[in-house]
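Chain residues, written in single-letter form:
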Amino acid sequence: MPEDVVFSLRDVYFKYPGSDEAALKGIDLEVQAGEWVALVGSNGSGKSTLARILNALLIPTQGACFILDMDSKESENIWAIRSKVAMVFQNPDNQIVASVVEDDTAFGPENLGLCPSDICEKVTWSLDATGLTEYRNKATYALSGGQKQRLAVAGALAMTPPVIVLDEPTAMLDPQGRKDLLNVLSELHMQGMTIVYISHRIEEILSCDRVIVMNEGNVSWDGTPRDLFEFGKGIEKWGLEVPPIVRLWSMLKNAGIISKEVQPTKDGVVHALCP
Ligand code: ADP
Ligand code: MG
C-alpha cells in the first residue's frame, strides 16, 4: 500500500452484537493523506459506526481496515492507530475525562508522553483555536453543550494528530462557533492534516475536497461537493437537503445569469453577480 494512503477499507461489514442487520454492509473506501473528506447521510446510515471503524474503536466483523498501513484487527496496532487518528465524538460528554478544562485538554498529549512544556504549548494553542482560553481553569461540568463540544475538539487538536475524525462536531454550536471551527479545520487542512468530517449540515461540506454519501450502511456516492450539488433535488433520495445557496446557484446557472464555472458558495455567487 502506498505511504500516502491513510485509510484503506476492503469490503468492510460491521454488525453490532445482538443486532439482526449489519450497520455497515461492504464498504470499500480509500482516503489519501491530506484529504478533507465529508461524510454525509441520513440518520442511521452508518456514519458514526464508520467513524469508529476509522479509529479502530470498532473492528470490522468482516473485511479489512488498514489505517496508515496498520491492520486494525491486530491488537498490537491499536495504540499506534489511536495516537495518530484523533477522534471527536458526536456526544462530547463521552469524551470529557477531567474536571478542569486545561487538564481535560492536556489528557491526550500527556498520554502521548510529551514533556510538560510541549503539553502546555499545545493546550494553550488548542484552547485558543477553539475559543476556550477564558475557560482554561473552569470546571468542565459547568460548561454549556456548545462549550463541551469545543472542549472535545480542543482535546483532539492538542494531540496535533496527522489525522482527525470529527463526528458532527458542530451540532451544538451557534453559527459563529460553526464558522470558527470550519476556519480552524481549513487552516489545519492547508497544513496537511487529513480530516474526515461528519456533518448533517450539508452547507458545511463546501470547503471539503470530497464528499462521501452514506445510505443504509453503504457508500452511495463519492465525489466533489460541486458534483454532488449538480444533482439538485436529486440528493433528497439520500435524505439530504439542498442548502438555500445551492438552490439559488442552480437557478442562476440554469437561467444563464451566472456561468457554469461559478462555485456553489455564497462568495462564489456574490462575486459572480457583483464582480
Ligand atoms: P449515523 O451516525 O449515520 O446516524 P450509526 O452508525 O449511528 O448511523 O448507526 C447505523 C446503524 O447501526 C443504525 O441502524 C443504528 O440503529 C445501529 N446502531 C448504532 N449504534 C448501535 C449500537 N450501539 N448497538 C446496536 N445498533 C447500533
Ligand atoms: Mg451518528
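In the block above lies the structure referred to throughout.
Here's what I pulled together on the structure shown here. (Residues numbered from 1 in each chain as written. Chains lettered and ligands numbered in written order. Predicted model: local features only at pLDDT ≥ 70, side-chain atom pairs only at ≥ 80, totals over all residues. Heavy atoms only, no water.)

With respect to the coordination of the magnesium ion (ligand 2)
The magnesium ion (ligand 2) binds to the protein through Ser48 (OG) and Gln90 (OE1); the donor distances cover 2.1 to 2.5 Å. Placement of Ser48 in helix H1 (residues 47–54) and of Gln90 in the loop between strand S6 (85–88) and helix H3 (101–111) is noted, with a sequence separation of 42 residues between them. (Donors = N, O, S within 2.8 Å, 3.2 Å for Na, K, Ca; no water. Helix = DSSP H or I, 4+ residues; strand = E, 2+ residues; numbered from the N terminus.)

So, empty space enclosed by the protein
A full pass over the atoms with the stated rule returns one cavity of 30 Å³ or more. Volume-wise, the largest cavity comes out at about 70 Å³. If you trace the largest cavity, you find it lined by Ala129, Thr130, Gly131, Arg150, Val153, Leu173, Gly177, Asp180, Leu181 and Val184. When residues of the lining of the largest cavity are traced back to their parent elements, those giving at least two are helix H5 (145–157) and helix H6 (175–190). (1 Å grid on protein atoms, 1.4 Å probe; cavity = no way out; pocket = protein on both sides within 12 Å on 5 of 7 lines; lining within 4 Å. Points joined across faces, edges and corners; volume = space filled by probe spheres on them.)

Some thoughts on the site of ligand 1
Near ligand 1, the surroundings consist of Tyr16, Ala23, Ser42, Asn43, Gly44, Ser45, Gly46, Lys47, Ser48 and Thr49. Interatomic distance of 2.7 Å between a backbone N/O atom of Gly44 and an oxygen atom of ligand 1. Between ligand 1 and Thr49, the relevant distance is 2.5 Å, taken from an oxygen atom to a side-chain nitrogen or oxygen of the residue. Expressed as a share of its isolated accessible area of 560 Å², the protein-covered part of ligand 1 is 57%. Its residues placed into classes, the shell around ligand 1 shows two nonpolar, seven polar and one charged. (Near = heavy atom within 4 Å. Polar contact = N/O pair within 3.5 Å; in protein donor to acceptor, adjacent residues only side chain to side chain. Areas by Shrake-Rupley, 256 points an atom, 1.4 Å probe, with all protein chains shown as cover. Nonpolar A, V, L, I, M, F, W, Y, C, P; charged D, E, K, R; others polar.)

Topic: the sheet that holds S6
With respect to topology, six strands assemble into an open sheet ordered S6-S7-S8-S3-S9-S10, the strand pairing being mixed. Each end of this open sheet is capped by a strand with a single partner; those strands are S6 and strand S10 (218–223). When strand polarity is set aside, the average angle formed by the axes of neighbouring strands in this sheet is 15 degrees. With five bridges joining them, strand S3 (residues 36–41) and strand S9 (residues 210–215) adopt parallel strand pairing. Residue pairing for S9: Gly41 is matched across the bridge by Met214. (Pairing = 2+ DSSP bridges. Axes fitted to C-alpha atoms, helices over the stretch in contact; angles between N-to-C directions.)

Brief notes about the pairing of S6
Residues Val85 and Met87 of S6 are buried on one face, and the alternating residues Ala86 and Val88, pointing to the opposite face, are buried as well. Sheet topology note: the S6/strand S7 (residues 163–167) ladder contains four bridges and is parallel. Looking at S7, one finds that Val88 is bridged to Leu166. (Buried < 20%, exposed > 50% of the residue type's maximum accessible area, 1.4 Å probe, protein only.)

Brief notes about the packing of aromatic side chains
Considering all chains together, one arrives at four aromatic pairs under this definition. Summarising the aromatic geometry, the rings of Phe14 and Tyr16 are spaced 4.9 Å apart at their centres and angled 85 degrees between planes, so their arrangement reads as edge-to-face. What makes Tyr16 partly exposed here is its relative accessible area of 34%. Aromatic side chains Trp36 and Tyr197 sit 6.4 Å apart centroid to centroid with 80 degrees between the ring planes, which places their arrangement in the edge-to-face category. Here Tyr197 lies in strand S8 (residues 194–198) and Trp36 lies in strand S3, a separation of 161 residues in the sequence. Exposure class is identical for Trp36 and Tyr197. Each is buried. Feature note: the residues Trp221, Phe231 and Trp238 constitute an aromatic cluster, connected by ring pairs. Note that Lys237 overlies the ring of Trp238, its terminal NZ or CZ placed 4.6 Å from the centroid. (Phe/Tyr/Trp six-rings, centres within 6.5 Å; stacked < 30°, edge-to-face > 60°. Lys NZ or Arg CZ within 6 Å of the ring centre and 35° of its normal.)

Let's talk about the environment of Leu173
Considering the arrangement of structural elements, one finds Leu173 in the loop between S7 and H6. When its relative accessible area of 8% is taken as the criterion, Leu173 is described as buried. Along the chain, Leu173 and Gln147 lie 26 residues apart, while their C-alpha atoms are 8.0 Å from each other. With residues near it in sequence (within four places) discarded, Leu173 still touches Gly146, Gln149, Arg150, Arg178 and Leu181. (Contact = heavy atoms within 4.5 Å.)

Observations regarding H5
When the terminal C-alpha atoms of H5 are compared, their 19 Å separation across 13 residues agrees well with the 18 Å that a helix rising 1.5 Å per residue should span. Burial runs high along H5: twelve of the 13 residues are buried. Looking at H5, one finds that the buried residues are Gly146, Gln147, Lys148, Gln149, Arg150, Leu151, Ala152, Val153, Ala154, Gly155, Ala156 and Leu157. Check the buried side of H5 and you find it contacts S6, H3, helix H4 (116–129), S7 and H6. (Expected span 1.5 Å × (residues − 1).)

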